[in-house]
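# Structural overview
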Amino acid sequence: MTDLHAVPARVRAGSPNPITDLDRYREHAARAAANPDGFWLEETRRRVAWRTEPTQGLASSFHDIAQGPLSWFGDGRLNITESCLDRHLATQGDKVAILWEGDEPGDCRTLTYRELHAEVCRTASALQRLGLKRGERAIIYMGMVPEAAIAMLACARLGAIHSVVFGGFSAEALRDRIRDCSAEVVITQDEGRRAGRTIPLKATTDLACTGETGVKKVLVYRRTGAPVEWTEGRDVWWHDVVPQGDAALPATECAAEDPLFILYTSGSTGRPKGVVHTCGGYITWAQYTHRTVFDLRDDDVYACVADVGWITGHTYIVYGPLANGATTLMFESTPLYPDSGRYWDLVQRHGITIFYTAPTAIRALAACGDEHVSRYDRSTLRVLGTVGEPINPEAWNWYYDVVGEGRCNIVDTWWQTETGGICLTPIAPATPTKPGSATLPMPGILPSLRTPEGRVIRGPGEGLLCIEQPWPGQARTVWGDHERFVATYFGMFPGLYFTGDGCKRDADGYYWITGRVDDVLNVSGHRMGTAEFESALVSSEAIAEAAVVGFPHPIKGQGVYAYVVLQSGQALTDDLEQTMQGVCRTRIGAHARVDRLQVVPGLPKTRSGKVMRRLLRKIAEGRGDELGDVSTLADPTVVDAIRAGAQRG
Ligand code: PRX
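Since this is a predicted model, take the numbers as computed values, not measurements.

It is worth spelling out the pairing of strand E20 (residues 409–413) at this point. The buried fraction of E20 is high, at five of five residues. What you see with E20 is no split at all: Asn409, Val411 and Thr413 on one side and Ile410 and Asp412 on the other are buried throughout. Where strand E19 (residues 383–387) lies against E20, five bridges are found, and the strand directions are parallel. Paired with Gly385 across the bridge in E20 is Val411. Crossover E19 to E20 through helix H15 (residues 393–403) is right-handed.

Shown next as structure tokens:
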């Protein structure tokens, strides 16, 4: 093999992980492929606290997906909070479960497993008294406070289904999600805190709930103490009801395939889809991947600096670490507040051993200079993870050399909201790495590269990344729309899960993700649909048509490039530009910004009226002279005008 980074000795030493080298990895992967039922039944019985252990493995298959969702461990019964909390009480009740660091450096709180268990029980009991029942939906719209994790677990304790909405989303986006899942309860806080600023979470919730009669109760956690509007009969303070709750509330028994949560994510249409994860398979995958990939040890201080509003926060801040009895850090602030040394200050003060972040943060920090890193002691670090987008080799090497001082293993973990947990990745003590490659599949994951026509690519090559066989952690359906689930993920290649990503495989069998091949943008690790931007932009009266594509951005990975056709009589002014940013903010959220805006006389369309986005992408990438034949366009002259006016960085 060429260009391989051996696993540093320190990562290999003393690993309790059963997968400590490539031979063991191959042995596990071969067993999982040959006998998935046997392999996963054995793993889940060992890793999850079942009330009734399952005897059934996988029911159904990708070929039968149109008939109904997949089922894993169908006859098992459990409540996943018993895996995350109750079972740790006897052995490690006093171990810190959640280590929280607030926006201001050193503003910390800890919750031991005993305290977290009691708080989850009290909160579940309060929610029960507010009327939340098994199978009903609660929206969680909060910042990064321990109470967000407590709220998730409290819903799970009751068998209710939570849907966390990232605190950056707007009132409109929140309202859409409340409606789509018919939520009975919204859990929020007065304000969020981030980088010295406040985020008006309760006020946004009020706006979102205006006229929504389905929402019976809004439970409000007090974070900053700012005054908030109050709707009598609907709004309830957390501190008025949770302390009286039952601190030993028994968990509600659920079926393995009961939904655990819904998480909305962007796809090719303007309407986000509610991806549904279920209890038994998801918790198995979360526990297994978290322990194996990061090589988790009992005394680790594990920090994933994502937000609970995204899948990474669900699986690798809350469910995976707690199911493993780990100490998991929750971080309220940003990598740049109060300065760009914040992450390494966290590492030094808390003795962090495993650190998990996104390439966009690594690139932003690398640009700030090494002295912000080297002035802190990082000697506790052992494993460094990345997730969310392709990592360029320069950023990978900076993470390895500067942050990890060449002592740590880097796990570049590829996965998606829909996959529930990590699918392609190095396993820390076992897999030699290559900068920029997500390396090899987890046991149980069978990747397949295809041509657009569906032909299998064998050996080295590049194609569309699909997965051939079901695995326990994958999403089961789209909330209320199984047909959409089938069409989105199985419509392209019947019988295969299509990820939406392009991917290369090299001669060593290593995988290199090249990015999305559909209309999904990945901006600073935030997944957004081009169609969401387009529908926001055309909602402005001044805009007749809009087409949005991504372009390579040195820090954010991708930037948002919007081509707009103005209504006649309109001209681009600063005011109009503000309005356009404003509609994206209002319709989507604070994280939705157009980086480059170009007014064009028309969009390049085929004679049947389809916008040729391929051309727009090339122009946005600065490759406007490589467009090839444009004679099939209804009006080829628009291309010259667009090329001439293209925006550069
Ligand atoms: O394009 C891939 C990219 O992020 C997409 C999934 O986004 P989301 O559902 O928001 O989940 C992000 C966190 C799991 C994928 O389709 N992606 C994720 N991880 C990587 C990645 N691209 C390259 N390398 C990765 N490690």
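Next up on the list: the packing of helix H10 (residues 279–293) against helix H11 (residues 311–323). With their axes 8 Å apart at the nearest point, H10 and H11 run at an angle of 85 degrees to one another. When the axes of H10 and H11 are compared, the pair comes out roughly perpendicular. Taking contact as the criterion, the partners of Tyr282, Ile283, Ala286, Gln287, Thr289 and His290 in H10 are, on H11, His314, Thr315, Tyr316, Tyr319, Gly320, Pro321 and Ala323. Along the lines of polarity and charge, the residues of the contact of H10 with H11 split into seven nonpolar, six polar and no charged.

Below, the discussion takes up the site of the ligand. The ligand sits among 17 residues. The nearest are Asp412, Thr417, Asp501, Arg516 and Arg527. Within the side chain of Gln416, an N or O atom sits 2.9 Å from an oxygen atom of the ligand. A distance of 2.8 Å separates an oxygen atom of the ligand from a polar atom in the side chain of Arg516. Breaking the shell around the ligand down by element, the ones donating at least two residues are H11, E20 and strand E26 (511–516). Classifying every residue of the shell around the ligand gives six nonpolar, six polar and five charged.

Attention now goes to the sheet that holds E19. Reading across from one edge, E5-E4-E17-E16-E18-E19-E20 is the order of the seven strands in this open sheet, with mixed pairing throughout. The strands lining the two open edges of the sheet, one partner per strand, are strand E5 (108–112) and E20. Within this sheet the neighbouring strands show an average axis-to-axis angle of 20 degrees, counted without direction. Two elements, strand E16 (residues 301–304) and strand E18 (residues 354–357), share three bridges in a ladder whose sense is parallel. Across the sheet, residue Cys304 finds its bridge partner in E18, namely Tyr356. Along the sheet, H15 makes contact with E18, E19 and E20, crossing E19 at roughly 160 degrees.

All right, on to the packing of aromatic side chains then. In this structure the tally under the stated criterion is 34 aromatic pairs. On the basis of an interplanar angle of 85 degrees and a centroid distance of 5.0 Å, the ring pair of Trp40 and Tyr288 is categorised as edge-to-face. In this pair, Trp40 is assigned in helix H3 (residues 36–47) and Tyr288 in helix H10, connecting sequence segments 248 residues apart. For Trp40, a relative accessible area of 1% gives the class buried. Geometrically, the ring pair formed by Trp50 and Phe73 is edge-to-face, given 5.9 Å between the ring centres and 75 degrees between the ring planes. Note that Trp50 is positioned in the loop between H3 and strand E1 (58–59) and Phe73 in the loop between strand E2 (71–72) and strand E3 (77–78), a separation of 23 residues in sequence. For the residue pair Trp50 and Phe73, the accessibility class agrees, reading buried in each case. Taken together through their ring pairs, the aromatic side chains of Phe62, Trp471, Phe485, Tyr489, Phe490 and Tyr497 make up a single cluster.

The next thing to look at is the confidence of the model for the chain. Summing up the model confidence of the chain, the mean pLDDT is 96 and the portion of residues at 70 or higher is 100%. Per-element averaging of pLDDT across the chain places helix H1 (residues 9–12) at the bottom with 90 and helix H6 (residues 146–158) at the top with 99.

Attention now goes to the side chain of Glu532. Looking at the secondary structure, you find Glu532 in helix H17 (residues 530–538). Setting aside residues no more than four positions away along its own chain, Glu532 makes contact with Ser266, Thr269, Gly270, Pro272 and Ile588.

A few words on the pattern of salt bridges. Considering all chains together, one arrives at 46 salt bridges under this definition. When the shortest N-O distance is used, the salt bridge between Glu101 and Arg349 registers 2.7 Å. You can see Glu101 sitting in strand E4 (residues 96–101) and its partner Arg349 sitting in helix H12 (residues 342–350), a full 248 residues away along the chain. By relative accessible area, which is 35% here, Arg349 ends up partly exposed. Linked through salt bridges whose partners overlap, the residues forming this network are Arg51, Arg77, Glu82 and Glu253.

The rules behind the values
- Residues numbered from 1 in each chain as written.
- Predicted model: local features only at pLDDT ≥ 70, side-chain atom pairs only at ≥ 80, totals over all residues.
- Heavy atoms only, no water.
- Buried < 20%, exposed > 50% of the residue type's maximum accessible area, 1.4 Å probe, protein only.
- Helix = DSSP H or I, 4+ residues; strand = E, 2+ residues; numbered from the N terminus.
- Pairing = 2+ DSSP bridges.
- Right-handed = clockwise from strand over helix to strand, strands pointing away.
- Axes fitted to C-alpha atoms, helices over the stretch in contact; angles between N-to-C directions.
- Parallel < 35°, antiparallel > 145°, perpendicular 65-115°, else oblique.
- Contact = heavy atoms within 4.5 Å.
- Nonpolar A, V, L, I, M, F, W, Y, C, P; charged D, E, K, R; others polar.
- Near = heavy atom within 4 Å.
- Polar contact = N/O pair within 3.5 Å; in protein donor to acceptor, adjacent residues only side chain to side chain.
- Phe/Tyr/Trp six-rings, centres within 6.5 Å; stacked < 30°, edge-to-face > 60°.
- pLDDT = per-residue confidence, 0-100.
- Salt bridge = Lys/Arg side-chain N within 4 Å of Asp/Glu carboxyl O.

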